[in-house]
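Next come the chains, spelled out residue by residue.
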Amino acid sequence: MAEPIYRACEELAKLLVLATGTQITYVGEANIPERGGAVIAINHTSYVDFLPAGLIMRRRHRRLRYMLKAEMQRVKIVNFLIKKNGAIPVDRSSGADAYVHAVQALRDGELVAVYPEATISRSFELKDFKTGAARMAIEADVPIVPLIVWGAQRIWTKDHPRQLGRKKIPVTVAAGPPFRAADGIAATNQVLRDAMNALLHRVQESYPTEAGAWWVPRRLGGSAPTLEEAAQLDAAELVSRSQHHSRSGEG
């Protein structure tokens with residue numbers, strides 16, 4: 001990994017945190033291995049939750065290799081950063097190459113960030129998990145570290161205006177104890193989901209909540225969509241995106 005570029009991105013991230021007044025609380029950072037490969041499984045509620053995830057790794061003097069949508073390479077500056085920071089582009093129609101690269105990175109002793117939910121959760125609860133994190137951990141024979149980022153959805157997420165000014169929004173990033181793969185992919189995936197769900201609930205309990213707020217799950221008295229309502233919104237988004245691509249193709 002190109003350390004100078006990654007280090008520069010870390011410094012930029014720190015400046016952004018200072019500029020916005022974001023208050024990041026770090027929990028359980030000792031659970032991040034000091035050395036050796038590990039899958040870092042992160043919940044996904046925001047377009048910026050990668051930033052606090054990277055900063056907690058920095059506190060352990062580790063670097064993350066992010067798995068990112070291949071479409072992001074279309075933006076020149078993003079493509080430059082992807083290449084220089086050792087990120088792993090994922091083509092959702094054919095992710096085999098990305099999977100192979102991620103497993104090799106894990107075997108080489110690196111930390112690979114994976115979003116098991118694949119896409120942002122509009123309900124701010126955990127969606128169903130893909131099996132990539134479990135499969136990679138099993139094949140590379142490395143532990144999985146559950147990681148929860150909470151509060152970042154208030155800064156930038158789907159269906160809501162961005163809050164990128166000096167908003168002083170509190171964000172918590174919490175790492176749970178690493179664990180080894182269970183007996184098989186399905187069992188490992190369930191253990192991971194249970195661990196992340198328990199950690200998410202603990203983080204939410206200690207976070208200042210506003211009754212009725214859009215960024216608070218319905219379960220906690222907020223007005224965010226339920227999992228079922230969020231699934232309907234996701235489905236409608238997929239239909240709309242498909243229709244847009246069809247029209248673009250016709251043109």
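Let us look at the structure shown here. (Residues numbered from 1 in each chain as written. Predicted model: local features only at pLDDT ≥ 70, side-chain atom pairs only at ≥ 80, totals over all residues. Heavy atoms only, no water.)

1. Here we look at helix 5 (residues 132-140)
Restricting attention to buried positions, one finds in helix 5 the residues Gly-132, Ala-133, Ala-134, Met-136, Ala-137 and Ala-140. Positive backbone phi, at 60°, marks Asp-141, one or two positions downstream of helix 5. (Buried < 20%, exposed > 50% of the residue type's maximum accessible area, 1.4 Å probe, protein only. Helix = DSSP H or I, 4+ residues; strand = E, 2+ residues; numbered from the N terminus.)

2. Notes on unusual backbone geometry
Even without a glycine there, the phi angle at Ala-118 is positive, about 75°. When you line up the elements, Ala-118 lands in the loop between strand 5 (111-114) and helix 5. We note that Asp-141 has phi near 60°; this positive angle belongs to a residue other than glycine. Here Asp-141 is to be found in the loop between helix 5 and strand 6 (144-150).

3. Examining the packing of helix 4 (residues 96-107) against helix 5
Where helix 4 contacts helix 5, the axes come no closer than 9 Å and their chain directions differ by 50°. Considered as vectors, helix 4 and helix 5 are oriented oblique to each other. In this structure, helix 4 meets helix 5 at a crossing whose hand is right-handed. Counted together, Tyr-99, Ala-102, Val-103, Leu-106 and Arg-107 of helix 4 and Gly-132, Arg-135, Met-136, Glu-139 and Ala-140 of helix 5 form the full contact between these two elements. (Axes fitted to C-alpha atoms, helices over the stretch in contact; angles between N-to-C directions. Parallel < 35°, antiparallel > 145°, perpendicular 65-115°, else oblique. Left-handed = near helix turned anticlockwise from the far one by under 90°. Contact = heavy atoms within 4.5 Å.)

4. Some points on the environment of His-201
Following the sequence through the fold, His-201 ends up in helix 6 (residues 185-205). Residue His-201 is classed as partly exposed on the basis of its relative accessible area, which comes to 26%. A C-alpha to C-alpha distance of 9.7 Å links His-201 and Ile-148, two positions 53 residues apart in sequence. Not counting chain neighbours up to four residues away, the residues in contact with His-201 comprise Glu-125 and Arg-219. A distance of 3.5 Å separates the side chain of His-201 from the side chain of Arg-219, its partner in a polar contact. (Polar contact = N/O pair within 3.5 Å; in protein donor to acceptor, adjacent residues only side chain to side chain.)

5. Re the packing of aromatic side chains
Applying the stated criterion across every chain, the model contains four aromatic pairs. Ring centres of Tyr-47 and Trp-156 lie 5.2 Å apart, and the angle between their planes is 50°; on these two criteria the pair is classed as tilted. Of this pair, Tyr-47 sits in the loop between strand 2 (38-42) and helix 2 (50-58) while Trp-156 sits in the loop between strand 6 and strand 7 (170-175), and the two are 109 residues apart along the sequence. On the basis of relative accessible area, Trp-156 is assigned to the partly exposed category, the value being 29%. (Phe/Tyr/Trp six-rings, centres within 6.5 Å; stacked < 30°, edge-to-face > 60°.)

6. Digging into the side chain of Asp-234
Along the chain, Asp-234 falls in helix 7 (residues 227-250). On the accessibility criterion, Asp-234 (15% relative accessible area) is buried. Ignoring anything within four residues of it in the chain, the contact list for Asp-234 reads Arg-122 and Lys-127.

7. Points about a nonpolar patch on the surface
Judged by side-chain polarity, Leu-12, Leu-15, Leu-16 and Leu-18 come together as a nonpolar surface patch covering roughly 410 Å² of accessible area. If you trace the backbone, Leu-18 turns up in helix 1 (residues 3-20). (Patch = residues over 30% accessible without salt bridge, like charges linked within 9 Å, V, L, I, M, F, W, Y side chains within 5 Å. Areas by Shrake-Rupley, 256 points an atom, 1.4 Å probe, with all protein chains shown as cover. Salt bridge = Lys/Arg side-chain N within 4 Å of Asp/Glu carboxyl O.)

8. Focus: the nonpolar core
Residues Val-39, Ile-40, Leu-64, Met-136 and Leu-147 are the most contacted members of the largest nonpolar core, which totals 63 residues. The residues contacting Val-39, other than those within four sequence positions of it, are Leu-106, Val-112, Val-114, Ala-133, Met-136, Ala-137, Val-142, Pro-143, Ile-144 and Val-145. (Core = buried A, V, L, I, M, F, W, Y, C linked by side-chain atoms within 4.5 Å.)

9. Digging into the packing of helix 5 against helix 6
Their axes nearest at 9 Å, the elements helix 5 and helix 6 cross at an angle of 115°. Crossing handedness for the pair helix 5 and helix 6: right-handed. Residues Ala-133, Ala-134, Arg-135 and Ile-138 of helix 5 pack against Ile-185, Thr-188, Asn-189 and Leu-192 of helix 6. Looking at the contact of helix 5 with helix 6 residue by residue, the class counts come to five nonpolar, two polar and one charged. (Nonpolar A, V, L, I, M, F, W, Y, C, P; charged D, E, K, R; others polar.)

10. Structural notes on the environment of Thr-131
Its location among the elements puts Thr-131 in the loop between strand 5 and helix 5. With sequence-adjacent residues up to four places away left out, Thr-131 is seen in contact with Ile-185 and Asn-189.

11. A closer look at the pattern of salt bridges
Applying the stated rule across the entire model yields 16 salt bridges. Salt-bridge contacts for Glu-10 lead to Arg-58; the nearest nitrogen and oxygen are separated by 3.6 Å. A residue pair is termed long-range when its members are at least 10 positions apart, and Glu-10 in helix 1 and Arg-58 in helix 2 qualify at 48 residues. Overall, the relative accessible area of 6% leaves Glu-10 in the buried class. For Arg-59, the salt bridge goes to Glu-29, with nearest N and O atoms at 3.0 Å.

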